[in-house]
Amino acid sequence: MEIAIAGAGIIGACTAWAAAKQGHNVTLFEQNTPMAHTSRSSSKLLHGGLRYLETGQFGLVKKALQARRFWLEQAPHLGQPLELLFPIYQGRGRPKWQIGIGTKLYDFLAGGSGFPRSRWLDRQTVLARNPALLSDGLVGAFSFYDAQMDDFALGQWVIEQSRQLGVEVRSHHKISTLDDLAGFDRIVNATGPWAMQLRLQQEGQPAYHLDWVRGSHIFIDRPLPQALMLPIPGEKRIFFVLPYQGKTLIGTTEVRQNTPEAEPPSPQEIDYLLAAYNAYHCDALGASDVSGMFSGVRPLLKSTANPSNATREWAFERIGKVLHIYGGKWTTAQIQGEAAVAELLK
């Protein structure tokens, strides 16, 4: 079949890749350049989502934990396993037993993926790993594994795999109307945050709606000895402090927007991330320590009042020869792409 895909983020790229593997003629359209938006603005993690267990997203976490292995096997030069510590403080945040159960469940769902199992580290070991971590009230930490990637480079690698299978990639070619693609046998709307713009050109109420949620990150120009996952003080949200290409990466925020375009990180978001870091470290950071920043808009399925509890699952809506893709997660993009092609060709 002749298949047109609008949107060359990681979901559109993986859909094009999956369709080309089946021998279809695929044209991938992108309004800017591949991976120019949300797909290059992630936390740089291939992860199951330990915190998603709290909201009961067990199926998604299991898929994502298994999907990490696919990426590391296919492109080992662009990702590697990463050990993270979740420190436990006396009287602060979630109790030790709760995180212990969570990491054991994470191990169970990751069964067969080849990643090391979680374990408990005592206070002395944790401070030796990360001397800047606040020692007052520190009990110890749970060690668990996910993986880290270069999201932009890995996305470009998927684009190259697709090109080698004959996919034509047309950059700087925005699809403003579905009529632009009338000559194709099948059409995929994989435009991420912009998906509703094409969906609303068809009749009927959309089966799903999107939440535009901005996630911002900051860079500190110093190396970091140990990756950390920490709860935001006074909230249920968590944030990451990660080593990345010789720097420290801190993120993320969750701020609702009224538009699909990513706005720059606000001063309030930067202060929020710095305050969260400073709550757990002796080497307090200020705005002058921030050497870089970025933000991306997550197109989440609108499912809850609080975006922190929103599902990271995806959904499809098929109308005639058009398949609309809503939501998704970087780690499971290859699985989502395969599922999208199966739905498209029914």
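Preceding block: the structure.
So, a few notes on the structure that sits alongside this text. Per-chain numbering applies: the sequence of each chain, read as written, is numbered from 1 onward. Per-residue local features of the predicted model are confined to residues with pLDDT of at least 70, and side-chain atom pairs are confined, for both listing and counting, to 80 or more; whole-chain, interface and lining totals are unaffected and use all residues. Hydrogen atoms and water are omitted, and side-chain values are computed over all heavy atoms in the structure.

**Quick word on the pattern of salt bridges**
Two side chains that carry opposite charge are able to pair once their charged atoms sit near each other. The salt bridge criterion pairs a side-chain nitrogen of Lys or Arg with a carboxyl oxygen of Asp or Glu, the two atoms within 4 Å. Counted according to the given criterion, the structure contains 17 salt bridges. The salt bridge partner of Asp 211 is Arg 256, with a shortest N-O separation of 2.8 Å. Of the two residues, Asp 211 is situated in strand β9 (residues 210–220) and Arg 256 in strand β13 (residues 255–256); the sequence distance between them amounts to 45 residues. Overall, Arg 256 belongs to the partly exposed group, its relative accessible area being 38%. For the salt bridge of Lys 346 with Glu 343, the shortest nitrogen-to-oxygen distance reads 3.0 Å. Note on Glu 343: relative accessible area 22%, which makes it partly exposed. Helix numbering and strand numbering both begin at the N terminus, where a helix is a DSSP run of H or I of at least 4 residues and a strand a DSSP run of E of at least 2. Partly exposed residues are those whose accessible area sits between 20% and 50% of the maximum for their type, while under 20% is buried and over 50% is exposed, using a 1.4 Å probe and protein chains only.

**Side note on helix α5 (residues 151–164)**
Because each turn of an α-helix spans 3.6 residues, side chains separated by three or four positions in sequence point in the same direction. For α5, built from 14 residues, the straight-helix expectation of 20 Å at 1.5 Å per residue is met to within 8% by its first-to-last C-alpha distance of 20 Å. Immediately downstream of α5, the backbone of Gly 166 shows phi near 100 degrees, a positive value. Take the residue count of a helix, subtract one, and multiply by 1.5 Å to get its expected span.

**Overview of helix α3 (residues 96–109)**
If you check α3, its first and last C-alpha atoms are 20 Å apart, about what 14 residues at 1.5 Å a residue would give, namely 20 Å. Those residues of α3 lying buried are Ile 99, Gly 100, Gly 102, Thr 103, Tyr 106, Asp 107 and Leu 109. In what follows, residue pairs with any heavy atoms lying within 4.5 Å of each other are defined as contacts. Contact partners of the buried residues in α3: α2 (58–74), β4 (79–89) and β6 (138–149).

**Structural notes on the nonpolar core**
Core analysis: the biggest nonpolar cluster contains 41 residues, and Ile 10, Trp 71 and Leu 154 have the highest contact counts within it. Per element, the largest residue contribution to this core is nine residues, and it comes from helix α1 (residues 10–21). Excluding residues that lie within four positions of it along the chain, Ile 10 makes contacts with Met 35, Ser 39, Trp 71, Gly 155, Val 158, Trp 330 and Ala 333. Residues grouped as a nonpolar core are buried Ala, Val, Leu, Ile, Met, Phe, Trp, Tyr and Cys residues, joined through side-chain atoms within 4.5 Å. Counting 26 residues, the second largest nonpolar core, distinct from the first, contains Leu 50, Leu 60, Ile 88 and Leu 249.

**What about the sheet that holds strand β16 (residues 322–327)?**
Across the sheet, six strands lie side by side as β7-β2-β1-β8-β16-β15; this open sheet has mixed pairing. Either end of the sheet is taken by a strand with one partner, and the two such strands are β7 (168–170) and β15 (314–319). Averaged over all pairs of adjacent strands, the angle between strand axes in this sheet comes to 20 degrees, irrespective of strand direction. The sheet contact formed by strand β1 (residues 2–6) and strand β2 (residues 25–29) spans five bridges and is parallel. Pairing of Ala 6 across the sheet is with Phe 29, part of β2. Only strands joined by at least two bridges in the DSSP assignment are considered to pair. Axis definition: a line fitted to C-alpha atoms, limited for helices to the stretch in contact. Angles are taken between N-to-C directions and run from 0 to 180 degrees.

**Describing the packing of aromatic side chains**
The description of an aromatic ring pair rests on the distance of the ring centres and on the angle between the ring planes. Here a Phe, Tyr or Trp ring, Trp counted by its six-membered ring, pairs with any other such ring whose centre lies within 6.5 Å, and the pair is stacked when the planes are under 30 degrees apart, edge-to-face when over 60, and tilted otherwise. This structure, assessed with the given rule, holds twelve aromatic pairs. Measuring from ring centre to ring centre gives 5.5 Å for Trp 71 and Trp 330, while their planes differ by 65 degrees; the resulting arrangement is edge-to-face. Note that Trp 71 is positioned in helix α2 and Trp 330 in the loop between β16 and α8 (333–344), a separation of 259 residues in sequence. Where Tyr 106 meets Phe 144, the ring centres are 5.8 Å apart and the plane angle is 85 degrees; that geometry is what we call edge-to-face. Of this pair, Tyr 106 sits in helix α3 while Phe 144 sits in strand β6, and the two are 38 residues apart along the sequence. Counting every residue linked through ring pairs, the aromatic cluster contains Trp 17, Phe 70, Trp 71, Trp 157 and Trp 330. To sit over a ring, a charge needs its Lys NZ or Arg CZ within 6 Å of the ring centre and within 35 degrees of the ring normal. Over the face of the ring belonging to Phe 152 we find Arg 40, whose NZ or CZ atom lies 4.0 Å from the ring centre.

**Comments concerning the side chain of Asp 107**
Looking at where Asp 107 falls in the secondary structure, it is placed in helix α3. In this charge count, Lys and Arg are treated as positive and Asp and Glu as negative; neither His nor the chain ends contribute. Look at Asp 107: it is buried, it has no salt bridge, and the nearest opposite charge is Lys 104 at 4.2 Å. Polar contact is the term for a pair of N or O atoms within 3.5 Å; when the atoms are in protein, one must be able to donate a hydrogen and the other to accept it, and sequence-neighboring residues count only if both atoms are side-chain atoms. Within the structure, the side chain of Asp 107 is placed 2.7 Å from the side chain of Ser 118, a separation counted as a polar contact. Excluding its chain neighbours within four sequence positions, the residues that come into contact with Asp 107 are Arg 117 and Ser 118.

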